[in-house]
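Here's the letter readout for the chains.
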Amino acid sequence: MNGETEPGWLPAGTGYQVALHGGRVVARNASGVRLKSLPAALKDDPVVLDLRQLREWLARHEAECLAEVERWMVRGLPVAAPVLARIWADEAWRAALRDLVVAPYGEHGPDLAQAGFLRDVDAERGAGVVGLDGESAWLRPGPFAVPHPVLLDEVEELREFAAELDVRQGVAQLFRQAHRRPAGLAEQAALLHGYAGAHYAQLRHATSRALALGYAVRGGIARCRIVEHGRAVDASVWLGDGDPGYETWTGPLQFADASGRTVPGAEVGPITWSEGVRLAAAVHSGRTGTSETGS
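A short tour of the structure in this document, coming up.

Basis of the calculations
- Residues numbered from 1 in each chain as written.
- Predicted model: local features only at pLDDT ≥ 70, side-chain atom pairs only at ≥ 80, totals over all residues.
- Heavy atoms only, no water.
- Pairing = 2+ DSSP bridges.
- Helix = DSSP H or I, 4+ residues; strand = E, 2+ residues; numbered from the N terminus.
- Axes fitted to C-alpha atoms, helices over the stretch in contact; angles between N-to-C directions.
- Contact = heavy atoms within 4.5 Å.
- Buried < 20%, exposed > 50% of the residue type's maximum accessible area, 1.4 Å probe, protein only.
- Arc of directions from axis to C-beta.
- Core = buried A, V, L, I, M, F, W, Y, C linked by side-chain atoms within 4.5 Å.
- 1 Å grid on protein atoms, 1.4 Å probe; cavity = no way out; pocket = protein on both sides within 12 Å on 5 of 7 lines; lining within 4 Å.
- Points joined across faces, edges and corners; volume = space filled by probe spheres on them.
- Nonpolar A, V, L, I, M, F, W, Y, C, P; charged D, E, K, R; others polar.
- Patch = residues over 30% accessible without salt bridge, like charges linked within 9 Å, V, L, I, M, F, W, Y side chains within 5 Å.
- Areas by Shrake-Rupley, 256 points an atom, 1.4 Å probe, with all protein chains shown as cover.
- Salt bridge = Lys/Arg side-chain N within 4 Å of Asp/Glu carboxyl O.
- Lys, Arg positive; Asp, Glu negative; His and termini not counted.
- Charge placed at Lys NZ, Arg CZ, Asp CG, Glu CD.

## Some details on the sheet that holds strand 11 (residues 216–218)
Here we have four strands laid out as an open sheet, ordered 11-12-13-15, and antiparallel in their pairing. Two strands bound the open sheet, and with one partner strand each, they are strand 11 and strand 15 (253–257). Averaged over all adjacent pairs, the angle separating strand axes in this sheet is 35°, with direction ignored. With eight bridges connecting them, strand 12 (residues 221–228) and strand 13 (residues 231–238) associate as antiparallel partners. From the neighbouring strand, Ile221 faces strand 13, where its bridge partner is Trp238. On the sheet, helix 7 (residues 270–285) packs against strand 12, strand 13 and strand 15 and is oriented at approximately 160° with respect to strand 12.

## Things to note about the sheet that holds strand 3 (residues 24–28)
Pairing in this open sheet of three strands is antiparallel, and the strands run 1-2-3 from one edge to the other. Looking along the sheet, the strands with just one partner apiece sit at the ends: strand 1 (10–12) and strand 3. Ignoring which end each strand starts from, the neighbouring axes of this sheet average 40° apart. In this structure, strand 1 lies alongside strand 2 (residues 16–21), joined through three bridges in antiparallel fashion.

## A closer look at helix 4 (residues 155–164)
Residues of helix 4 that are buried include every one of Val155, Leu158, Phe161 and Ala162, and no others. One side of helix 4 holds all its buried residues, which, seen down the axis, span an arc of 115°. Exposed residues pointing more than 90 degrees away from the buried face of helix 4 are listed as Glu160, Ala163 and Glu164. Lining the buried residues of helix 4 we find strand 6 (116–122) and strand 7 (126–131).

## Things to note about the nonpolar core
Val69, Leu97, Leu118, Leu253, Phe255 and Leu279 are the most contacted members of the largest nonpolar core, which has 48 residues in total. Broken down by element, the residue count for this core peaks at six residues, all from helix 7. Discounting residues that sit within four places of it in the chain, Leu279 has contacts with Tyr215, Ala222, Arg223, Cys224, Ala235, Ser236 and Val237. Val101, Phe161, Ala162 and Val167 belong to the second-largest nonpolar core, a separate cluster that totals twelve residues.

## So, empty space enclosed by the protein
Across all of its chains, the model carries one cavity of 30 Å³ or more by this definition. Of the voids in this model, the largest cavity is the one considered here, and its volume is about 40 Å³. If you go around the largest cavity, the residues you meet are Trp72, Val79, Leu84, Leu97, Val102, Leu118, Phe144, Ala145 and Val146. Taken together, the residues of the lining of the largest cavity sort by class into nine nonpolar, no polar and no charged.

## Digging into the pairing of strand 15
Within strand 15, four of the five residues are buried, which leaves it mostly tucked inside the rest of the structure. Sheet topology places strand 13 next to strand 15; five bridges connect them, and they run antiparallel. Counted as the bridge partner of Asp234 is Ala256 from strand 15.

## Notes on unusual backbone geometry
Phi is positive for Asp99, which is not a glycine, with a value near 75°. Turning to its location among the elements, Asp99 is positioned in the loop between helix 3 (91–97) and strand 4 (101–106). Taking relative accessible area as the criterion, Asp99 reaches 5% and is therefore assigned buried.

## Comments concerning a negative patch on the surface
There is a patch of like negative charges on the surface, built from Asp153, Glu154, Glu157, Glu160 and Glu164. Relative to the assigned elements, Asp153 resides in the loop between strand 9 (144–145) and helix 4. Overall, Asp153 belongs to the exposed group, its relative accessible area being 60%.

## What to know about the layout of surface pockets
Looking at the largest pocket, its volume works out to about 520 Å³. Residue assignment for the lining of the largest pocket shows that the elements contributing at least two residues are helix 1 (46–75), strand 12 and helix 7. When residues in the lining of the largest pocket are grouped by element, the largest group, five residues, is from helix 1. Across the lining of the largest pocket, the residue classes break down as eight nonpolar, two polar and nine charged.

## Notes on the pattern of salt bridges
Working definition: two side chains of opposite charge can pair if their charged atoms are close together. Scanning all chains against the criterion turns up ten salt bridges. Two residues, Asp166 and Arg168, come together in a salt bridge whose shortest N-O distance is 3.4 Å. Taking relative accessible area as the criterion, Asp166 reaches 47% and is therefore assigned partly exposed. In this structure Arg168 comes out as exposed when scored by relative accessible area, which is 65%. Among the ionic pairs, Arg278 bridges to Glu275, the shortest N-O distance being 3.9 Å. Taken together, the residues span about one helical turn, with Arg278 and Glu275 both in helix 7 at a distance of three residues. For Arg278, a relative accessible area of 23% gives the class partly exposed. Taking the relative accessible area as the measure of exposure, Glu275 reaches 4% and is therefore buried. Linked through salt bridges whose partners overlap, the residues forming this network are Glu70, Arg176, Glu275 and Arg278.

Honestly, that's just the spatial picture; any functional story needs more than this.
Here it is in structure tokens:
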């Protein structure tokens, strides 16, 4: 099997065995020879149907694990050590978490001086990491955080080091677009408006792009909510309203609190700023053109 784990075979039909392997249902005959395709006689076999349902559930579970870990990163949420130890036993959770940069979470947020690539979790010893200096260590006692890439220094160097370690992150962390806020107010304002005026031949194209990227769209506005240090702020971009077939031009990036009050860019946190610009840039990149006078 070239080092692959042998699947667990179950009897099905007459003289066959089936298993879930590599994301698909496979079969072998009475002689133990694996077949290239599933025999037609097994198409509606109850065991095969159960395996297909299991495959669908596993796919949903894997997607949910990835989405939850990404939420921890985007919202800066700490994870208690006992929770991390329990979920690590689950292959789907482990695939979502392994090789992410993690750090102990303290009173002032993640302690990036102790950050490392997550390689193991143990209920007694804590989180086993390969430190950013190349040394292996155990971080304890927790809780732990998955730092947003905008919080990490020298990301390019980290990417190179990750390549040396053959790091493969299930959740895009090091390669997630991160945008640092300019220090000057004028530069901040320019960036907020810098992605405005993107032209779409049809409003439905702008809406579809935002939805496909995972953003919420309501009332002609694409938005994402970022919760940073317990404060919820919505980043939003105007897409347009009216007939979905009409052309449209996008608006500037804006931030607002839960009550709808506009929040100046200088007052939002680094993660909120980064994720807001990421939204605006993603919508802008799907444009058909730009306009100086777009509305």
